[in-house]
Amino acid sequence: MLKKKVEDAINKQIQEELYSAYLYLSMSAYFSNKGLAGFANWFDVQQKEERDHAMKFYNYLLAHGSKVKLLKIDEPGHEWKSAIDVFKAGLKHEQHITECINNLVDIAEKEKDRATFNLLQWYIDEQVEEEENARTIIEKLSLIKTDSNGIFMLDKELSARVYVPLVIA
Ligand code: OFO
């Protein structure tokens, strides 16, 4: 069984990951409404990955005989000014998640919990990738500005993103 402090912190992180899924689902709907199916697809894949992140923690708690306590999930935003605004909000959110993961690492270290520390290495790598993905699209969007041809081409590119379910141990 995990120490109570670690268990509580992981339950809090499950809430964060599920909120991430909720936020990205809302962003996906925003793009669907605008007729940008590729952007919508990108965020749909993103929200599915976030559910996997939550389930990886969920299964980890159960594997240790610890208690899963699902917490309340806030309402995400529904409106953004532009495509770049959506990705900037996404990047800001990922930076917040990186901070949460780093705090979890601090807790695992303080509690001398090696197993949790090991688990968190996967999330640390994942955060580097997530922030980089958002940043790359922001850079493209700032080059494109409001050029509709550019938006159309990026939409096509983002439609190619495929969801690969995470193999959760
Ligand atoms: Fe976006 O990485 Fe999980 O939250």
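Criteria and thresholds
- Residues numbered from 1 in each chain as written.
- Predicted model: local features only at pLDDT ≥ 70, side-chain atom pairs only at ≥ 80, totals over all residues.
- Heavy atoms only, no water.
- Helix = DSSP H or I, 4+ residues; strand = E, 2+ residues; numbered from the N terminus.
- Rg over C-alpha atoms; globule rule 2.2 N^0.38 Å.
- Buried < 20%, exposed > 50% of the residue type's maximum accessible area, 1.4 Å probe, protein only.
- Contact = heavy atoms within 4.5 Å.
- Areas by Shrake-Rupley, 256 points an atom, 1.4 Å probe, with all protein chains shown as cover.
- Lys, Arg positive; Asp, Glu negative; His and termini not counted.
- Charge placed at Lys NZ, Arg CZ, Asp CG, Glu CD.
- Core = buried A, V, L, I, M, F, W, Y, C linked by side-chain atoms within 4.5 Å.
- Phe/Tyr/Trp six-rings, centres within 6.5 Å; stacked < 30°, edge-to-face > 60°.
- Lys NZ or Arg CZ within 6 Å of the ring centre and 35° of its normal.
- Salt bridge = Lys/Arg side-chain N within 4 Å of Asp/Glu carboxyl O.
- Polar contact = N/O pair within 3.5 Å; in protein donor to acceptor, adjacent residues only side chain to side chain.

S.K.: Looking at this structure, how should I read the overall build of the chain?
M.R.: Counting secondary structure elements, the chain contains five helices and zero strands. The C-alpha radius of gyration of the chain comes to 17 Å, within 12% of the 15 Å expected for a compact globule of 169 residues. Projected onto its principal axes, the C-alpha coordinates of the chain cover approximately 55 × 25 × 25 Å. For the chain, the residues scored as buried account for 45% of the 169 residues in total. For the chain, restricting intrachain contacts to residue pairs at least 6 apart in sequence, the fraction spanning at least 24 positions comes to 82%. Here the chain has roughly 9,600 Å² of accessible surface; of this, 55% comes from carbon and sulfur atoms. Within the chain, the 28 negative side-chain charges are centred at a point lying 4 Å from the centre of the 22 positive side-chain charges.

S.K.: Would you mind showing me how to read the nonpolar core here?
M.R.: Nonpolar side chains in soluble globular proteins tend to end up buried together. The biggest cluster of nonpolar side chains holds 23 residues, and the ones touching the most others in it are Phe31, Phe39, Phe43, Phe87 and Leu141. Contributing elements (two or more residues each) for this core: α1 (4–33), α2 (37–63), α3 (83–110), α4 (114–144) and α5 (148–158). Among all residues touching phenylalanine 39, those that are not within four sequence positions of it are Phe31, Ala83, Phe87, Leu141, Ile151, Leu154, Asp155 and Leu158. The next biggest cluster of nonpolar side chains, apart from the first, holds 17 residues, and it includes Ala9, Ala54, Leu119 and Leu120.

S.K.: Looking at this structure, how should I read the packing of aromatic side chains?
M.R.: Any two aromatic rings considered together are summarised by their centre-to-centre distance and by the angle between their planes. Within this structure, the stated rule accounts for 12 aromatic pairs. Ring plane angle 15 degrees and centroid distance 5.8 Å describe the contact between phenylalanine 31 and phenylalanine 43, whose orientation is recorded as stacked. On the criterion of sequence distance, the pair formed by phenylalanine 31 in helix α1 and phenylalanine 43 in helix α2 is long-range, its members being 12 residues apart. These aromatic residues form a ring-pair network of at least three members: Tyr24, Tyr30, Phe31, Phe39, Trp42, Phe43, Trp80 and Phe87. Geometry around tryptophan 122 places lysine 56 over its ring, the cationic atom sitting 4.9 Å from the centre. Arginine 161 extends its terminal NZ or CZ atom over the ring of tryptophan 42, reaching a point 4.5 Å from the ring centre.

S.K.: Even after reading the chapter, I still don't get the side chain of glutamate 130, so can you show me in this structure?
M.R.: By secondary structure assignment, the location of glutamate 130 is in helix α4. Buried and unpaired, glutamate 130 has no salt bridge, with arginine 161 as the nearest side chain of opposite charge at 5.1 Å. Here the side chain of glutamate 130 touches glutamine 46 through a polar contact of 3.1 Å, side chain to side chain. Not counting residues up to four positions away in its chain, the partners in contact with glutamate 130 are Gln46, Glu49, Glu50, His53 and Glu94.

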